[in-house]
Structure formats: structure tokens, C-alpha cells
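# Survey of secondary and tertiary structure
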Amino acid sequence: MVGIITYGVYIPRYRIKVEEIARVWGANAAEISGGLGVFEKSVPDMDEDAATIAVEAARNALLRRKVDPGEIGAVYVGSESHPYAVKPTACTVGEAIGATPNMTAADYEFACKAGTAAIQTCMGLVASKMIKYGLAIGSDVSQGAPGDALEYTAAAGGAAYVIGNDDPIATINHTRSFTTDTPDFWRREGQDYPRHGGRFTGEPGYFKHVKGASKLLLEHAKKTPKDYTYAVFHQPNAKFPQKVAKDLGFTAEQIKPGLVVPRLGNTYSGASPVGLAATLDIAKPGDTIFVCSFGSGAGSDAFDITVTDAIRDKINRSAAPSVEKLLQDPIYVDYAKYAKHKGKLVMQK
Amino acid sequence: MRDVAVIGIGCTKFGEHWERSFRDLFVEAGAKALEDAQLSGEKIDAMYVGNMSAGRFIEQEHIGALIADYAGMATRHIPATRVEAACASGGLAFRQAVIAVASGMEDIVVAAGVEKMTDVEPGASTDALTGAADREWEGFVGATFPGLYAMIATDYMHKYHMTREQLAQVAVKNHFNGARNPIAQFPQEITLDTVMRSTMVAEPLRLFDCSPITDGAAAVIVAPLDRAREFTDTPIKVLATAQASDSIALHDRRDISTLDATVAAGQRAFKMAKLTHKDINMVEVHDCFSIAEICAIEDLGFCRKGTAGKFTADGETALGGKIPVNTSGGLKACGHPVGATGIKQVCEITQQLRGEAGKRQIDGATIGMTHNVGGTGATVAVHILGRL
């Protein structure tokens, strides 16, 4: 059955605390952290972008399991912050891991769910035997305008998944999507920062689509929330996934391992994939995982996953850093350094 | 002048109606009011609609015609008129309908109010609402409504030594009532702590001192009293309709913590109805901010100037108190779709007088009052309604 062959994550080591951002804007940090459930977020180094993060994550995936890069027939990178508007990030990744030239590649954009859309594409190509392995990545150096609510959470990071049907460490048994034309969050060509509809991003955006896809999947898989060991929901903050989990009937324990946003922030296209990776880091054979992403604009992809014996026998999880390891030992930066790292200081134009 | 009665009421749920449009909302409220009056649309002679700023909120003007059209009345070519007086638009639409019937010009008239506020981002709605103040002398120099009412609150607290906790009790009481109102946007009870720990908006006003941004519509149908029993067994008589104006800018007022337009409209209404504040069983006042309710109950004469904080904290304005205020939950908990608020107040008092207010019912209520304010008090509409 089609599933995850291996996976890898990369998170930059720098962090900025919500207090530090709030200090600059004269906002109440305790109130913001309390409301969002986010306390710090990752910050890329000056020379890190969605492409370097995608490469690091892909390399970490390949460190865990010997996959011949030449057999990776497709590379799809989902991001809101592809370094080029025209010129694919996926080619850079393919080249960096040695998968070129016998492969197909493309960049994906679907706000925060482009990474899970890439997984679905690879599943289709593998199932139809067009390729042996596909590499699906969600990676972002998320943008949030200075002073905007997004700035407290927009973080950097990504996760890579090799999809195939050759002894997967976890089978993807079912997937369902729920998509509508809902303008809750957008960024036009040439604009540096996304804009959003405030409270409109909640009920008609996140909750409608996450619940829509989740219910479709549960119905299709003929399962209830109780049938899953773990659950991962898209996490733009901690409040939304906690509320949607509760509304759907999942428990706080089920979502705990995959809820990385309080210490990581929102890695946009990386968010659900990193949450799933954190869950795979601790999963045992036989565990079942429910995943539902969300991308503004808007849509959700839901997955029903079963962890297999291969997670114990076929890969070496400790050959690459776990999400927990990547979150440890951060280097904190102040707002000035953060502004420099994020290119918010324009020195010459 | 002919006596006038309310023969039908209808209200949408108040809240964030993301999936519904401006016209969906007023059609629902109008249909409910017609159903309540067991009336078919052909009987309607005219319509008045209170709406503050559809131009800014949904880029639609010409609301009178739009409403007549979508209510299915355009083919009968009935007169349909939009009335605008900022947040008092609904109260004035009701007054226009009452005057039209009282004068003998029309018989069966709809007074509606509607606002769809959530289609724009919060900054845009704040700015649209600022149009209710003096744009040149207040808006252009950065004043917003929370800011202006914060000045009223600061002045009031300085003069009368009302405590912050007493002010917070307005919101606690209104949320208690709102939790008993099926149309309320925020039907949750809160504690004093909820208010005191909420986000500071404009000192001393916190988030829970402020009414929300709301979508909603309300409609009432009025008719000559002598025909009212054709449509309902419980007609509610309009005992008084009064309106007053004041300077549009807060700083031009004689006293910024007294709304002289409220005082004037209240006195006119009592005189017209030949009643005093002691005859009123419950009142819906315009609590766009907690301080506004404090000023309103004093300016209408329910308690002495400077004492409304203690009066509220002592429970005199709660259900079962001396004068229950905002049994609907008020603008704070029921929500404040600005153009609809004045009509919703009439719906609430009508429900109370008919004995249909469920868990928030005031037993034996026979006379109720509504108080609807535009801006910081530049327009005020007061109505007194009574059970026959």
C-alpha cells in the first residue's frame, strides 16, 4: 500500500519570543501569548529560505533511510515563500539530493496546505506506478507584516516525505479533501506580506474547511475519533487546532505530540507536515494517525495513516534530528536581528 | 393624530453571518414580522428602513428601493424610505413609521433596521462608525468611538467617583440577560473578572465595556390601533414617540457626561404618554459602551445623576430589580448591528409586554421604554410602549 517511506524535518535554530515582538509594538505579550498559545517562533538565518529549508528536510529524510535518489521520480515543494516567482524550488531540491534529471518537478502553492497537496500528488503517481518514489515537501519562511497579528506566529521550517509503496513506515489508507473559493487570507503578486480577513479566517475559513475534510475522511474511512492513537491539525496558533480537535471529538492527549506551534510558531506549508513528523518521531507500529491540514483560499486535506513495523525495522529515526531535538537549544534574537534575518531592513534599493 | 400599535415583530439572530448577505438578513426579519402579524405582503402600504452605512460596509446605497424590491413589494410600487441617524437609524425609522400611521397617510407600515458589518476588516468598520461623530473636529484628529466614550467615562468617574468595578457590572448584567435571549450574539454569562481582565481598548474602557461588530436585521409592523385586532390578539400601543438632537461633536456639549438629547427626548416622551419613570417596567437603553448605559438610566430619570454605578452594582437594573435595564442583553451581549438596534429594542419590549420573553420575562410588565442613541448623543429616539 502507498505510504511514507521516510521523512525529515528542518527548523532554523534562531528564535524570537512573543514578548520581544510585543515590546517593539507596545502590545501586551501575556495577552497575545494567552490568546494564541504561542510563546516563541523560529527565525531563519540570513541565508536561509524556503529552498534551503526544503533541501535540509529532504536530506534529513534520506539520512533516515537509504533511498536511491535516482529512483525519486517526482519532487513537489509546497510553499508560500518560494524564493523565485518563476524558477522552481523543486529543481533546486532535486539537484541538491541527486534526484535529477530523470524526474518531474513542480512548485506548489495553496497557502498553508501546499505540502499536503504535494503528498497527495505523489500518492497518485506512486499508486498509478508512474514513479517509484515521490518527494513531497512543505517548507516556508513565513511572511507576516511588521506590526500585523501574523508577525507573532509566522515562523520558518519544513518537512519532507518520501512517498512510495515499498515497505512504508506508515501506510496512508485514505485521503479526502474539502475545497472552496473563500478569500480569508491572500498575497498578490509583488506584495511582500499576506493580508487577511481578521476574524473571517476563523469560522468560515479554518473551521469550516478542517471540519469539512475531517468529517469526509471519517465517513469514508468508517471511523470515529476514538479509533486514532494520534491526531494532527493545521496549527496557525495553538487555539485553533485545540478547538477543532475538541469540536470533532478528539482529545487533548491525541493532539499533544503533534502540537508543536507553541514553541515553533506557524511554519505555513510546513505546519501540518512538521506536526505529523513530531508524531511519527514517537509513534510505534500499529499506531494510527489522523491528519488534517488547512490552506487559506481555502481547503483542507485529511489523511488516515497507520504506522507499520517498518518504522522499527526499516529506518533509523535517530539518524536525523527529531522535531523535539530541533526545538531544543535555540539561539534567541532580538527584534533588530530578527528584522535583519528576515530582510525587513532594506539597506539599499 | 391616530393611536398606533405594533402588530408584528421579527428579528434575525445577531452575530457574524459570514454565509449570508445584507438582503438575506432583512428578508428574514421582514418575513418573520409578517408571519407574526399573520399578514400578507399586499397589505403593506409603506416601508421605512434604518441603516447607517451600507455604502461603507457593503458598497450599496439606495437601501429603501433594495428592501422594497427584495421584500417583493417593488411591483406594487410602495414608498420605501431609508432613514439614517448613525446608530439611532432604527429608532428613527420606527418613529417615521409611527408618524406615517398616526397622521393617517398610511395604514400598515413596516419599520425595519439592518446592518451587515462583517464584510469589511475591523479598521474599515471602525472608520465607518466614526462617521457618526464630527469627522472634521473628531474623526480627522484621530478620535474613535471607544475613544470618545472613554472621555465620557473618565469625566464621569472623576466627577461622581464611580468605581471601575461598578462600571463593569453593566456588562456582567447584560451578559446575564443575553444568555437568556435566543437571538443574542454573545449568550454567555461572564463575571466581574472577565471584564476587569479583558483587553484595554481606550482607558478606562476594556473590551467587555464595548458592544461588538454585528450582522443582523429586525422589523416591526405598525398599524392604526383601531385596526390592530384584525391582525393580533396582543397589540402593543405606542404611547409616545420622541426625538431630540444635540451638537454632533462631544466637546461642544454643555456637560460631556450628560446626554442632553436623552434628557430632552425622555422628558418629551413622558409628557406625551402622561407618565413618569415610575410607570416604566423595563427599559432598553443604548449601551454601545458600559458608560453609555450608566448615563442613559440617569438621563432618563431612573436614578439620580452620579448614582447609576451604585444603582447598577446593587442589582436595581437586573432582572427582578427596581427597573430592569436591557433585558435583551443590550447592545453589549445581544449585539449591535447599528441600523437594526433601534428596531430590535422595540421587538424586545413588545415581547416583554406580550409575555413572550421566556427566561428573561418581567412578570406583569405593562409599560416599557426604548432609548436609541446616534453618535455620542447628537440624536436620541425614545419610545414608550404599553400593553392594552
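What counts, and where the lines are drawn
- For every chain, the first residue of the written sequence is number 1, and numbering continues from 1 onward in sequence order.
- Chain letters and ligand numbers both follow the written order, the letters beginning at A and the numbers at 1.
- The predicted origin of the model limits local features to residues at a pLDDT of at least 70 and limits the giving and counting of side-chain atom pairs to 80 or more, whereas totals for whole chains, interfaces and linings rest on all residues.
- Here, residues touch in the contact sense if the C-beta positions derived from the backbone fall within 7 Å of one another.
- In this count, Pro and Cys sit with the nonpolar residues alongside Ala, Val, Leu, Ile, Met, Phe, Trp and Tyr, while Asp, Glu, Lys and Arg are called charged and the others, Gly among them, polar.
- Throughout this description, the term nonpolar core refers to a group of buried Ala, Val, Leu, Ile, Met, Phe, Trp, Tyr and Cys residues whose C-beta atoms join them within 7 Å.
- Every C-beta atom is placed from the backbone, and the number of other C-beta atoms within 10 Å of a residue's own sets its class: buried at 20 or more, exposed at 12 or fewer, partly exposed in between.
- Here the bounds of each domain stem from an automatic or database domain assignment.
- Strands are labelled as partners when DSSP assigns at least two bridges between them.
- Counting from the N terminus, the helices are the DSSP runs of H or I reaching at least four residues and the strands are the DSSP runs of E reaching at least two.
- As a rule, the C-alpha atoms of each element are fitted with a line to give its axis, helices using only the stretch in contact, and angles between N-to-C directions run from 0 to 180 degrees.

## Remarks on the interface of chain A and chain B
- In this assembly, 7 residues from chain A lie in contact with 5 residues from chain B.
- Looking at the side of chain A that touches chain B residue by residue, the classes come out as 2 nonpolar, 2 polar and 3 charged.

## Section: the nonpolar core
- Met47, Ala111, Ala112, Val220, Val222 and Ile343 of chain B are the most contacted members of the largest nonpolar core, which totals 140 residues.
- No fewer than three residues from each of domain 1 (4-121 + 214-236) and domain 2 (129-210 + 239-387) of chain B sit in this core.
- Beyond its immediate sequence surroundings of up to four residues, Met47 of chain B is in contact with Ile67, Ala68, Met73, Ile78, Ala80, Val110 and Ala112 of chain B.
- Core analysis: the second largest hydrophobic core is formed by 114 residues, Met103, Cys292, Phe294 and Leu326 of chain A among them.

## Brief notes about the sheet that holds strand 6 (residues 133-141) of chain A
All names here are of chain A.
- Judged by pairing direction, the sheet is mixed, and its 9 strands sit side by side in the order 5-4-6-7-1-8-13-12-11 without closing on themselves. Two strands bound the open sheet, and with one partner strand each, they are strand 5 (104-108) and strand 11 (230-233). Averaged over neighbouring strand pairs, the angle between their axes works out to 20° when direction is ignored.
- Here strand 4 (residues 72-78) runs beside strand 6; their pairing, made up of 6 bridges, is parallel. In the sheet register, Tyr76 faces strand 6, and the bridge partner there is Ala136.
- In the packing of helix 3 (residues 50-64) onto the sheet, contacts are made with strand 1 (3-10), strand 4, strand 6 and strand 7 (156-164), and the angle to strand 1 comes to roughly 130°.
- The strands touched by helix 4 (residues 89-97) within the sheet are strand 4, strand 5 and strand 6, with strand 4 carrying the most contacts at an inclination of about 135°.

## Considerations on the domain arrangement of chain B
Residue and element names in this part refer to chain B.
- The assigned domain composition of chain B is domain 1 (4-121 + 214-236) and domain 2 (129-210 + 239-387).
- Placing the centre of domain 1 and that of domain 2 at their C-alpha centroids yields a distance of 23 Å.
- Facing the 37 residues of domain 1 at the interface are 36 residues of domain 2.
- The element best represented in the side of domain 1 that touches domain 2 is helix 4 (residues 89-102), accounting for 8 residues.
- Looking at the side of domain 1 that touches domain 2 residue by residue, the class counts come to 22 nonpolar, 11 polar and 4 charged.

## Digging into unusual backbone geometry
- Cis geometry marks the peptide bond from Thr100 of chain A to Pro101 of chain A; its omega dihedral reads 5°.
- Following Gly297 of chain A, the chain continues to Ala298 of chain A via a peptide bond in cis, the omega torsion being 5°.
- Structurally, the position occupied by Ala298 of chain A is in strand 13 (residues 297-307).
- The phi dihedral of Lys274 of chain B is positive, around 55°, even though this residue is not glycine.
- Mapped onto the elements, Lys274 of chain B comes out in the loop between helix 10 (260-273) and strand 9 (282-284).
- For Lys274 of chain B, a count of 9 C-beta atoms within 10 Å puts it in the exposed group.

## With respect to the environment of Ser103 of chain B
- Summarising the element assignment, Ser103 of chain B is placed in the loop between helix 4 and strand 4 (109-115).
- Spatially, the C-alpha atom of Ser103 of chain B lies 35 Å from that of Ala128 of chain B, the residues being 25 residues apart in sequence.

## Here we look at the sheet that holds strand 2 (residues 14-17) of chain A
Residues and elements named next belong to chain A.
- Pairing within the open sheet is mixed, and its 3 strands lie in the order 3-2-14. Looking along the sheet, the strands with just one partner apiece sit at the ends: strand 3 (40-43) and strand 14 (331-332).
- Pairing of strand 2 with strand 14 involves 2 bridges; the strand directions are parallel. By the bridge assignment, Arg15 is partnered in strand 14 with Tyr332.

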